[in-house]
Amino acid sequence: MTTRATDTLRPAVSSAVPRPAVPPGTTDHPISPHDVVAYPRPRDGLPEVISTPSQLSRAARDLAAGQGPVAVDAERASGFRYGQDAYLVQLRRDGVGTLLIDPVTCGPLTTELAAVLDGPEWILHAADQDIPCLTALGLRSASLFDTELAARLLGRQHVGLGAVIEETLGLRLAKDHAAADWSTRPLPASWLIYAALDVELLIDLRDALAAELETDGKSQWAAQEFEHVRTRPARPAKIDPWRKTPRAGSAVRSPRSLAILRELWQSREELAAELDRTPSKVLSHQALIAAAVARPRSRRKMTGLKEFSSRQARQNQERWWRAIERALELPDDELPSTRAPMGPDELPHPRTWQRHHAEAANQLNRVRAAVRQRAEEIRVPQELLLAPGCQRRLAWDLGEEIEAECTRTMSTREISERLAAMGARPWQIEQAAPALAAALS
């Protein structure tokens with residue numbers, strides 16, 4: 001049945017009959033937009049922020065006395081602070097209610113709270129976004145349920161938390177402060193309401209989505225994906241991250257200009273870390289690109305660039321000029337290459353394949369078509385059925401074998417072994433390998 005609110009808002013309950021999965025591209029949801037009601041505030045009121053070590057110890061004891069899984073969320077200050085630290089941690093458990101924890105003032109969270117949380121299932125939405133900052137606080141899960149991943153496996157078109165709650169539980173959360181500066185202190189009450197609501201309904205949502213996954217025969221698929229997210233190692237550091245400056249690839253082409261971009265980028269990173277500010281607020285991306293393209297030969301010419309006229313650019317103009325000067329003085333043999341270096345397992349960009357690796361390009365078209373067709377049949381996003389990186393690697397290896405005249409019929413078993421070596425989960429192999437073998441034979 002559709003969960004509704006009357007004069008007093010009542011939370012959705014997990015005993016509600018789950019909605020059937022909706023195929024991608026449809027808008028005929030069992031819960032009509034007209035049936036969705038606003039859920040503007042926590043049902044038990046706004047809890048006090050836990051901001052001292054003694055409050056944290058008491059909260060950990062309360063959490064240990066609760067029952068069932070723990071809804072978990074974290075708020076960062078992306079776009080304002082350097083790095084991705086958590087500035088608020090939200091927890092909710094049956095028998096406890098919602099806890100709002102300020103990790104800035106509470107001291108280390110790695111003792112009692114970490115011990116309590118290392119056991120029950122965590123429920124998160126888009127877990128891969130929050131796990132790194134929670135891990136940095138010393139908090140780790142023994143198992144998790146990701147409501148965003150569950151919605152994607154069910155073929156939902158819209159997988160933001162607000163949209164999934166609306167379609168599943170018939171309630172509309174206020175989502176007004178997603179891009180706020182959560183390092184602000186004190187945190188406004190309206191922000192805290194938003195943060196509390198982020199975990200308010202996660203337990204009910206988890207139960208409803210779990211029932212849908214069971215009905216669709218996708219429970220094991222979800223379990224494998226959740227475990228993959230939970231245990232996935234941190235991403236390796238990027239090679240030459242300064243090359244990823246927005247618009248650098250199309251605007252900055254000469255080795256000397258690339259050197260200016262690199263020196264300015266590194267200098268900006270050092271200052272941003274020192275000031276704990278996001279780098280683009282220390283010096284804009286546009287300023288880096290403008291200096292790299294113009295290659296100013298004096299401090300006066302640098303400050304004459306309109307991108308260096310802002311207050312934030314003028315504050316550290318001596319620092320920026322020294323970075324440019326270092327790049328201008330580099331000998332030619334120390335300048336960066338115009339071609340970005342590749343990691344040991346990295347492949348060329350697919351847009352170059354047709355010109356230089358025609359067989360690999362042909363195989364990639366066949367792989368993508370097979371994955372797309374199978375994904376549509378089982379109603380999951382194709383990138384979730386088989387990661388784009390796996391698709392490219394399979395096509396590249398086959399293309400090389402064809403060029404070396406080592407081609408042969410590819411069996412489902414051989415495709416399965418190759419996908420397993422690439423880290424594909426068993427459900428992905430089971431669903432994708434037969435279709436790939438048929439397409440590549």
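Described below are features of the structure shown in this document. (Residues numbered from 1 in each chain as written. Predicted model: local features only at pLDDT ≥ 70, side-chain atom pairs only at ≥ 80, totals over all residues. Heavy atoms only, no water.)

Here we look at the nonpolar core
Counting residues in hydrophobic clusters, the biggest one holds 87 residues, and the most contacted among them are Leu-91, Leu-113, Leu-134, Ile-415, Leu-419 and Leu-436. A per-element tally of this core places helix 17 (residues 358-378) first, with 8 residues. The contact partners of Leu-419, leaving out residues within four places of it in the chain, are Leu-386, Leu-394, Ala-424, Ile-429, Ala-433 and Leu-436. Within the second largest apolar cluster, 30 residues are counted, among which are Leu-258, Leu-288, Phe-308 and Ala-327. (Core = buried A, V, L, I, M, F, W, Y, C linked by side-chain atoms within 4.5 Å. Buried < 20%, exposed > 50% of the residue type's maximum accessible area, 1.4 Å probe, protein only. Helix = DSSP H or I, 4+ residues; strand = E, 2+ residues; numbered from the N terminus. Contact = heavy atoms within 4.5 Å.)

Let's talk about the pattern of salt bridges
Throughout the structure, instances matching the rule amount to 26 salt bridges. Salt-bridge contacts for Arg-425 lead to Glu-225; the nearest nitrogen and oxygen are separated by 2.8 Å. Taken together, the residues Arg-425 in the loop between helix 20 (412-421) and helix 21 (426-440) and Glu-225 in helix 8 (residues 219-231) connect sequence positions 200 residues apart. By the burial criterion, Arg-425 is buried, and Glu-225 matches it. Salt-bridge contacts for Arg-413 lead to Glu-417; the nearest nitrogen and oxygen are separated by 3.4 Å. One end of the pair, Arg-413, and the other, Glu-417, are both in helix 20, 4 residues apart, so they sit about a helical turn from each other. Residue class for Arg-413 comes out exposed when judged on its relative accessible area of 65%. (Salt bridge = Lys/Arg side-chain N within 4 Å of Asp/Glu carboxyl O.)

Structural notes on helix 5 (residues 161-169)
For helix 5, a buried count of 7 out of 9 residues is recorded, marking the element as mostly surrounded by other parts of the structure. Among the residues making up helix 5, those that are buried are Leu-161, Gly-162, Val-164, Ile-165, Glu-167, Thr-168 and Leu-169. Buried residues along helix 5 sit against helix 4 (147-153), strand 8 (171-173), helix 6 (189-200) and helix 7 (202-215).

Details of the pairing of strand 5 (residues 97-101)
When you tally the buried positions in strand 5, you get 5 out of 5 residues, the bulk of the element. Across 2 bridges, strand 2 (residues 49-50) lies against strand 5 in parallel orientation. Within strand 5, the position partnered with Val-49 by the bridge is Leu-100. Note that strand 4 (residues 86-94) and strand 5 share 5 bridges and pair antiparallel. If you follow Arg-92 over to strand 5, its bridge partner there is Thr-98. Here strand 4 folds back onto strand 5, and the loop between the two strands holds 2 residues, one of which, Gly-95, carries a positive phi near 85 degrees. (Pairing = 2+ DSSP bridges.)

Focus: helix 7
With 14 residues, helix 7 ought to run about 20 Å at 1.5 Å a step, and its terminal C-alpha atoms sit 20 Å apart, in line with that. For helix 7, the buried fraction is high: 10 of the 14 residues fall into the buried class. All of the buried residues in helix 7 are Leu-202, Ile-203, Asp-204, Leu-205, Arg-206, Ala-208, Leu-209, Ala-210, Glu-212 and Leu-213. Looking one or two places after helix 7, you find Gly-217, whose phi comes out positive at around 70 degrees. (Expected span 1.5 Å × (residues − 1).)

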